[in-house]
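Topology and contacts: notes
One letter stands for each residue in the lines below.
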Amino acid sequence: MAAAGVRRRRLLPASPVEDSGPARAFALAAFGVACLAITLYGQAFVVPPLAFALALAGHRFSHLQRHRRRPRKLQVLIAGMMFLVLGYFLFDSILGLFGANLPQANLVMLLVAVTSFDLTTRRNLYSSLWMSLALVYLAAVFAWDLQFGLLVVLWLTCLAGFWAASNLRRLGAPRFELPRRPVAIALLAGLLAGGGLFWLLPQPSASPSGPLVISLPSSVQFSGLEQPAIPLVQFATDPSGKSGNVDLRFRGRLGNAIVMYIRTGAPAYWRGLTFDQYRAGTWVVSGSAARRFRTFHAYVDSHDLGNTAQGPQLGDFVQTIRVVRAMPGVIYAAGPVESLYYPATEVREDGFGDFYAPAPHRAGTTYSAVSHLPDYTPSSLRLLTLELPAPADGTYLDPGNLSPRARTLARSYLDGYNPASERFDAVIALARHLQRDYRYTLATPPAPAGIDPVDYFLFDTRYGYCEMFATAAALMLRSQGIPTRLVTGYAPGEYNSTLDQTIVRESDAHAWIEVFFPGHGWVPVDPTPSFPALAATRFPDRWAASGLAHLIPHLALGAPTAALAGLGAAALLPGLLALVAIVALGLLWLRRRPRTARARSPGESELIRLYDRLQRRLGRRRAPPETPNEYLPRGCRR
Amino acid sequence: MRPTWRLLGALTLAAVVYFYGATSEVAWLFLFGLLLAGLAAAMYLYARWNAAGLEGGLRLVEVVSAEGSPVAEVPEREFADAPLPAPVFERDTVRIELQLSVADGSGRGPARISSGFGAGSLETGTGLVPASGWSAVRELGPIPRGPLAAEGTVLESGDPLGLFRTRRRVPQEDLAVAFPLFASLADNRLVREVESQLTVVRSGHGTDLYGVREYRSGDPLRRIHWRNSARRGELVVREFEPPGQRILALLLDRDPASPESADQIARLAASEAWDCLRAGGRVLIWAPGLEPLSAPASRSLWGVLEWLGRWPRLTAEDSEPPRVMDAVAFTDHVGGPCLEALRELREHGAATRAWLVGEGELDLPFSRAGLEWPLPE
């Protein structure tokens, strides 16, 4: 037959059968590390140990049978098992039959385990390694602590071991044996160099490549309702479990426990809920706003949302938020949100641009958002587009039951500013007055019955917590005709440069206000002491040795610039010292260089080489202990 | 030193992981990528260090004689000046030690040493070269006649992970010369008789001073050349040529038709030489355009065998055919300078004959031989 004469061409050259037991052991160990990572960080306790045990048996079988022809029955069995695993994955990820806990990871682990019975060549082992690397990557997404670094180092050690074993096999070495001390020093040096670079270098962020993102439907069912951050019993009517009001007469105790880990391109206030109506010490959402909900599928893209950015923009940035503990299903993100991915069948958005999950967040829930980064600077905010309409909803101007003396106080704070044309200066002036004249404390007694908490804060105690400051500022601004609303959420939190994460704790729970600026939209303003009055988000300067920043404990993301600015002229000192050191080294090098050059006249080295060659040709050699000065006269004598 | 494909793979992996770190903001991926890069840098330095301190070489450690090897026929006394560790004949199997050593006394590795020997090659490697050195013995054989030379001995070293590789050629001299097989073409004599003859000849009973040589056990004291001994610092004896000693000239062609016929010619020549030497004679070998056998080697079995082992790959040198009264020519074709030289000797009255390997007729007394060895009865 003509077809029989056609030579089959291989796409890839044949891979050698891997005879090295250590290489196989390292590949298996790498898979073990990956399984451990998934167990520890994916909270999966059944599939990883099962898969590893299966892989252990499979590797042993493959090693023993590596030079034998694979029986067809075995191939059919492995193929059947792979289809079974694929079915398991589909049922688990779509229907959630087995808990839908990391179905992709389970798929990969079981595939590695099943195929381990047919791992004979080096290329097979490489495939197993890369699959276990994918598992480590998956676990890394869930890993938010430093200990995970050990697993990364362990996996890399396994890869290095595999390379070393296969390299020794290629060289024909009979045993897996290396000079221990030099190899240990080299490995340690490599790890230290990599770790040092990781610690010192900033971590750039780039836009994810959209077409490669695959989203799987999730049927995760939440159960239970916990509100640990709010100790008082509150009745939530929303399925997300969110509270519908902020009552100033009560305040929950805030501990230091971690609430969220956030990977973010910029530090920001993490918006949660917005309130527009104040009545007798309680912020609520007005009826009209409370009913305006839009429902989206899990992925809310910018087309669905429309253009949420107003005014000049600096760009956008990504946040990946991992919720550490169960909490109400308020989707915290920097505002305004451009797009959002939340692992649920649907999310809702209210009229303020706040998003809600269909149920409370479960511990471990991870979601991501892309937010606009508006250019909020004093100069830009002073430019108002006054012809643009203010929010039609009059609730933003309702001062609630603000007392006359509070109104008088507000007027005095804003004295000299036109609330319409000089809105920025007026707002900042009021915020700074509050920051300067009132003290921040969490130990605030509840307002006595019959007294408005704002009045009690402004004129009696003169101290309070963030909600007091924000409420007072909001109502006072509203009394002067400036549309304002209250926002609750979390302050930026503490940045850990090694993990490149922001750690948000209970104590970061915060409230601030948003003031409407024509042409800019709702601009965050924070009247609480120790916070910047204009709560603007800025891209951090991550390329300026951000890793070093955490040497100084009080520095957080974005703070280095401020800290350096606070030093004044002294901030130039490190740079100047570095410059002096570089110049000194350069001068030293320049001083040494001519000496070397002067030691030898032009062409001298060539003459010596020529002379040497002639001597060799004549059969004369320079004795090992002979110096050139001894050798040359001897040569001349001859 | 050059990078391997594996380095490219490692750096690509690091770059991919780093890119994923940048797009997913999973900080561990940055750590992974940078650790890989750090490891690659450390391995580069390791490979340089490893290559700088490694040495390699080859050594002949043992010879396993093939069946029918003439080594069993050589009298024991002859082995006093035989090449070490043992004379190597064609068809023998040799054991060669491939050695790796470190220059500064600290353990290094991994390393591999490989060497080609004609069609075959030897190679071995290890992960660890201890301070005392490392070696492996490999067997090679059956070997052909001629110099046992390592072609392109290469010392390869690198880092443990195989990211970098250094290949260095190690200069290597000939390990040995595989001598041609030989057998007595004359009637068998008792070994004892042969030994006694060789002993007699060694002392030199003639009257013509042939030369001086180093003192050997058994030499009479009166033969010691005291003045020369004092000058040299070691005992030297006069050597006399016995009267009537047979001097046999072996005339060989320069360009044999094939390697097989060259081997057969060398065997025949060695056999003629062996018969002459054990009868107390001297052998002179001449081939047109090639360096002749040196005079001191003309009495030495090993010297003759070495010349024949190297023939025809010898240094070019023009020389006259020896003027002797007894000559044998060896050729695989009719005509040529070898036979012309033989005819000239014949015209001067010398006893001449020839060995013809292959087909053809000569106008001289000749014996014919095929390519098989030993010669058929």
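See the structure shown above.
Residues numbered from 1 in each chain as written. Chains lettered and ligands numbered in written order. Predicted model: local features only at pLDDT ≥ 70, side-chain atom pairs only at ≥ 80, totals over all residues.

**A word on the overall build of chain A**
Each helix and strand in chain A was counted, giving 20 helices and 18 strands. A burial count over chain A gives 39% of its 638 residues as buried. Within chain A, contacts between residues at least 6 apart in sequence are counted, and of these 77% link residues at least 24 apart. (Helix = DSSP H or I, 4+ residues; strand = E, 2+ residues; numbered from the N terminus. Buried ≥ 20, exposed ≤ 12 C-beta atoms within 10 Å, placed from the backbone. Contact = placed C-beta atoms within 7 Å.)

**Comments concerning the overall build of chain B**
Summing up its helical and strand segments, chain B has seven helices and 18 strands in all. Looking at chain B as a whole, 41% of its 377 residues qualify as buried.

**What about the interface of chain B and chain A?**
With 38 residues of chain B at the contact, the number on the chain A side is 48 residues. Those elements that place two or more of their residues in the side of chain B that touches chain A are α1 (5–24), α2 (27–52) and β6 (120–126) of chain B. Take the side of chain B that touches chain A: its biggest share by element is 16 residues, from α2(B). Residues that form the side of chain B that touches chain A fall into these classes: 22 nonpolar, 11 polar and five charged. (Nonpolar A, V, L, I, M, F, W, Y, C, P; charged D, E, K, R; others polar.)

**Side note on the sheet that holds strand β3 (residues 88–89) of chain B**
Residues and elements named next belong to chain B. Taken together, the three strands give an open sheet; going across it, the order is β3-β11-β8, and neighbouring strands pair in mixed fashion. A single partner strand is all that each edge strand has here, and the edge strands are β3 and β8 (146–148). Where β3 meets strand β11 (residues 176–179), two bridges bridge the pair, whose relative direction is parallel. By the bridge assignment, F89 is partnered in β11 with F179. Those strands touched by helix α6 (residues 301–310) are β8 and β11, and its axis lies near 90 degrees from that of β11. (Pairing = 2+ DSSP bridges. Axes fitted to C-alpha atoms, helices over the stretch in contact; angles between N-to-C directions.)

**Digging into helix α12 (residues 404–413) of chain A**
Residues and elements named next belong to chain A. Among the residues of α12, those classed as buried are A406, L409, A410 and Y413. For α12, the angular spread of the buried residues around the axis is 100 degrees, confining them to a single face. The exposed set on the far side of α12, more than 90 degrees from its buried face, consists of P404, R405, T408, R411 and S412. (Arc of directions from axis to C-beta.)

**Some words on helix α2 (residues 21–42) of chain A**
Its 22 residues place the ends of α2(A) 31 Å apart at the C-alpha level, agreeing with the 32 Å of an ideal helix rising 1.5 Å per residue. A positive backbone phi angle near 55 degrees is found at A:Q43, which sits one or two residues after α2(A). (Expected span 1.5 Å × (residues − 1).)

**Some thoughts on unusual backbone geometry**
A cis geometry characterises the amide bond from B:W311 onward to B:P312, with omega recorded as 5 degrees. Positionally, B:P312 belongs in the loop between α6 and β16 (326–331). Residue B:P374 is bonded to the preceding B:W373 through a cis peptide linkage, with omega at 0 degrees. Along the chain, B:P374 turns up in the segment after β18 (366–369). Non-glycine residue A:S530 carries a positive phi angle of around 75 degrees. Here A:S530 shows up in the loop between β18 (521–525) and α16 (546–549). Residue B:R91 is not a glycine yet carries a positive backbone phi of 80 degrees. With respect to the helices and strands, B:R91 occurs in the loop between β3 and β4 (93–102). On the basis of neighbour count, B:R91 is assigned to the partly exposed category, with 18 C-beta atoms found within 10 Å.

**Regarding the environment of A:Q480**
Here A:Q480 lies in the loop between α15 (466–479) and β14 (484–490). C-alpha separation for the pair A:Q480 and A:P419, spaced 61 residues apart in sequence, amounts to 6.9 Å.

**Focus on the nonpolar core**
Core analysis: the biggest nonpolar cluster contains 152 residues, and A:I38, A:M109 and B:L250 have the highest contact counts within it. Here this core gets 16 residues from one element, more than from any other, and that element is α2(B). Beyond its immediate chain neighbours, meaning those up to four positions away, B:L250 contacts B:A269, B:E272, B:A273, B:V283, B:I285, B:V328 and B:F330. (Core = buried A, V, L, I, M, F, W, Y, C linked by C-beta atoms within 7 Å.)

**A few points about the packing of α2(A) against helix α5 (residues 103–115) of chain A**
All names here are of chain A. Contact geometry of α2 with α5 gives a least axis separation of 12 Å together with a crossing angle of 155 degrees. Compared by their axis directions, α2 and α5 come out roughly antiparallel. As for the relative orientation of α2 and α5, their crossing is left-handed in sense. Listed contacts from α5 to F31, C35, I38 and G42 of α2 are A105, M109 and V112. Within the contact of α2 with α5, the residues separate by chemical class into six nonpolar, one polar and no charged. (Parallel < 35°, antiparallel > 145°, perpendicular 65-115°, else oblique. Left-handed = near helix turned anticlockwise from the far one by under 90°.)

**Quick notes on the packing of α2(A) against helix α3 (residues 47–64) of chain A**
If you want to describe how two helices pack, look at the angle between their axes and the distance between the axes. Residue and element names in this part refer to chain A. Two numbers describe how α2 lies on α3: the axes approach to 9 Å, and their chain directions differ by 170 degrees. Relative to α3, the element α2 lies roughly antiparallel. Contacts between α2 and α3 involve G21, R24, L28, F31, G32, C35, I38 and T39 on the former and, on the latter, P48, P49, A51, F52, A55, L56, H59 and H63. A class-by-class count of the residues in the contact of α2 with α3 yields 10 nonpolar, five polar and one charged.

**A look at the sheet that holds strand β5 (residues 282–284) of chain A**
Residue and element names in this part refer to chain A. Strand order in this open sheet of three strands is β1-β5-β4, and the pairing throughout is antiparallel. The sheet is open, and its two borders are formed by β1 (245–247) and β4 (277–279), each paired with just one other strand. Pairwise comparison of adjacent strand axes, ignoring direction, gives a mean angle of 20 degrees for this sheet. Looking at chain direction, β4 and β5 are connected through three bridges and run antiparallel. Of the residues in β5, the one forming a bridge with Q277 is V284.

**Re the pairing of strand β9 (residues 337–349) of chain A**
All names here are of chain A. The pairing of β9 with strand β11 (residues 366–374) spans four bridges and is antiparallel. Bridge pairing in β11 places L340 opposite A369. Taken together, β9 and the strand that follows it, strand β10 (residues 355–356), pair antiparallel across an intervening segment of five residues, in which G353 is found at a positive phi of about 90 degrees.

**What about the environment of A:V525?**
All names here are of chain A. Secondary-structure assignment places V525 in strand β18. Look at V525 and you get buried, because 28 C-beta atoms sit within 10 Å. Distance in space between the C-alpha atoms of V525 and A536 is 8.0 Å, their sequence separation being 11 residues. If near-sequence neighbours (up to four positions away) are discounted, V525 is found in contact with V427, A431, W512, I513, V515, A533, L534 and A535.

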